[in-house]
Amino acid sequence: MAILKILQYPDDRLHTVAVPVAKVTDKTRLLIKDMAETMYAAPGIGLAATQVDVHERIIVIDISEEHNQLLVLINPEIVANSGQSDYEEGCLSVPGIYGKVRRAESITVQAIDADGKSFVLDAQGLLAVCIQHEMDHLVGKVFVEYWSALKQARALAKLKKKQRSIM
Ligand code: GNR
Ligand code: NI
């Protein structure tokens, strides 16, 4: 197992569009293990492969407090959605920055699990927010990019200031 390096905004590689996984192999499962370990160590409730500079459609999520409900979504697609919610989000690639994003309140997502088996999942609340946040990473979108140019500029300035202070 290994803890992977999480790309930090504004890294251009976070804008890469991931490709679907053609076949779930042992290599895929090894990456998933490392992604889960990286997510738990951070700690975070989700991680997209994009964030560890692997540009394949793979997501890991665990919103449980006990860290014992790992959800793996390979090639996820939202097949239905309804409602809207404004949830205060954060991102391991944009540390220290938090803010609201409007998303669907309920979603139905179809994906493949670590065994290569297709499944369908209904999600709402935090899980729905997290799945949508991670799926955005897979198409190269970071949550702050929903905000106005002014709000994004302020977030970027705050990030730069913080990065300067730790150097
Ligand atoms: O750990 C995370 N918490 C979180 C909180 C609110 C909305 C979304 C998230 S996802 C984030 C981990 C992360 O950056 N995943 O890409
Ligand atoms: Ni994120």
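For the structure itself, consult the block above.
Residues numbered from 1 in each chain as written. Chains lettered and ligands numbered in written order. Predicted model: local features only at pLDDT ≥ 70, side-chain atom pairs only at ≥ 80, totals over all residues. Heavy atoms only, no water.

## Quick word on helix 1 (residues 26–41)
Item 1. Counted at 1.5 Å a residue, the expected span for helix 1 with its 16 residues is 22 Å, and the 22 Å between its end C-alpha atoms agrees.
Item 2. Those residues of helix 1 that sit buried are Thr28, Leu31, Ile32, Asp34, Met35, Ala36, Thr38 and Met39. (Helix = DSSP H or I, 4+ residues; strand = E, 2+ residues; numbered from the N terminus. Expected span 1.5 Å × (residues − 1). Buried < 20%, exposed > 50% of the residue type's maximum accessible area, 1.4 Å probe, protein only.)

## Quick notes on the side chain of Thr28
Item 1. Along the polypeptide, Thr28 turns up in helix 1.
Item 2. Judged by relative accessible area, Thr28 falls into the buried class, the value being 7%.
Item 3. A distance of 2.9 Å separates the side chain of Thr28 from the backbone nitrogen of Thr25, its partner in a polar contact.
Item 4. Residues within four places of Thr28 in sequence aside, it is in contact with Val21, Lys23, Ile58 and Ile74. (Polar contact = N/O pair within 3.5 Å; in protein donor to acceptor, adjacent residues only side chain to side chain. Contact = heavy atoms within 4.5 Å.)

## Some points on the site of ligand 1
Item 1. Every one of the 13 residues lining ligand 1 counts as a neighbour, but Ile45, Gln51, Leu92, Glu134 and His137 are closest to it.
Item 2. Interatomic distance of 2.8 Å between a backbone N/O atom of Leu92 and an oxygen atom of ligand 1.
Item 3. His137 has a polar side-chain atom sitting 2.9 Å from an oxygen atom of ligand 1.
Item 4. For ligand 1, whose free accessible area comes to 380 Å², the fraction covered by protein is 89%.
Item 5. Within the residue set of the shell around ligand 1, elements represented by two or more residues are strand 4 (85–89) and helix 2 (125–138).
Item 6. Ranked by residues supplied to the shell around ligand 1, first place goes to helix 2 with 4 residues.
Item 7. Classifying every residue of the shell around ligand 1 gives 4 nonpolar, 6 polar and 3 charged. (Near = heavy atom within 4 Å. Areas by Shrake-Rupley, 256 points an atom, 1.4 Å probe, with all protein chains shown as cover. Nonpolar A, V, L, I, M, F, W, Y, C, P; charged D, E, K, R; others polar.)

## A word on the packing of aromatic side chains
The relative placement of two aromatic rings is captured by the distance of their centres and the angle of their planes.
Item 1. Considering all chains together, one arrives at 1 aromatic pair under this definition.
Item 2. A ring pair is formed by Phe143 and Trp147, whose centres lie 5.4 Å apart and whose planes are at 75 degrees; its orientation type is edge-to-face. Each member of the pair Phe143 and Trp147 is classed as buried.
Item 3. Its end group placed over the ring of Tyr146, Lys141 keeps NZ or CZ at 3.9 Å from the ring centre. (Phe/Tyr/Trp six-rings, centres within 6.5 Å; stacked < 30°, edge-to-face > 60°. Lys NZ or Arg CZ within 6 Å of the ring centre and 35° of its normal.)

## Focus on the nonpolar core
Item 1. Ranked by size, the top nonpolar core spans 17 residues in total, and within it Ile59, Ile61, Leu73, Ile107, Ala123, Leu127 and Ile131 carry the most contacts.
Item 2. With 6 residues, helix 2 is the largest single contributor of residues to this core.
Item 3. If near-sequence neighbours (up to four positions away) are discounted, Ile131 is found in contact with Ile61, Leu73, Ile107, Val109, Leu121 and Ala123.
Item 4. Judged by nonpolar contacts, the second largest core, of 14 residues, contains Ala49, Val60, Val72 and Ile74. (Core = buried A, V, L, I, M, F, W, Y, C linked by side-chain atoms within 4.5 Å.)

## Things to note about the coordination of the nickel ion (ligand 2)
Item 1. Around the nickel ion (ligand 2), the donor atoms from the protein are Cys91 (SG), His133 (NE2) and His137 (NE2), and they sit 2.1 to 2.3 Å away.
Item 2. Positions of the donor residues of the nickel ion (ligand 2), expressed as sequence spacing, correspond to C-x41-H-x3-H. Of this pair, His133 and His137 both sit in helix 2, 4 residues apart, roughly one helical turn.
Item 3. Residue class for His133 comes out buried when judged on its relative accessible area of 8%.
Item 4. Judged by relative accessible area, His137 falls into the buried class, the value being 1%. (Donors = N, O, S within 2.8 Å, 3.2 Å for Na, K, Ca; no water.)

These results come straight from atomic positions and should not be treated as a statement about function.
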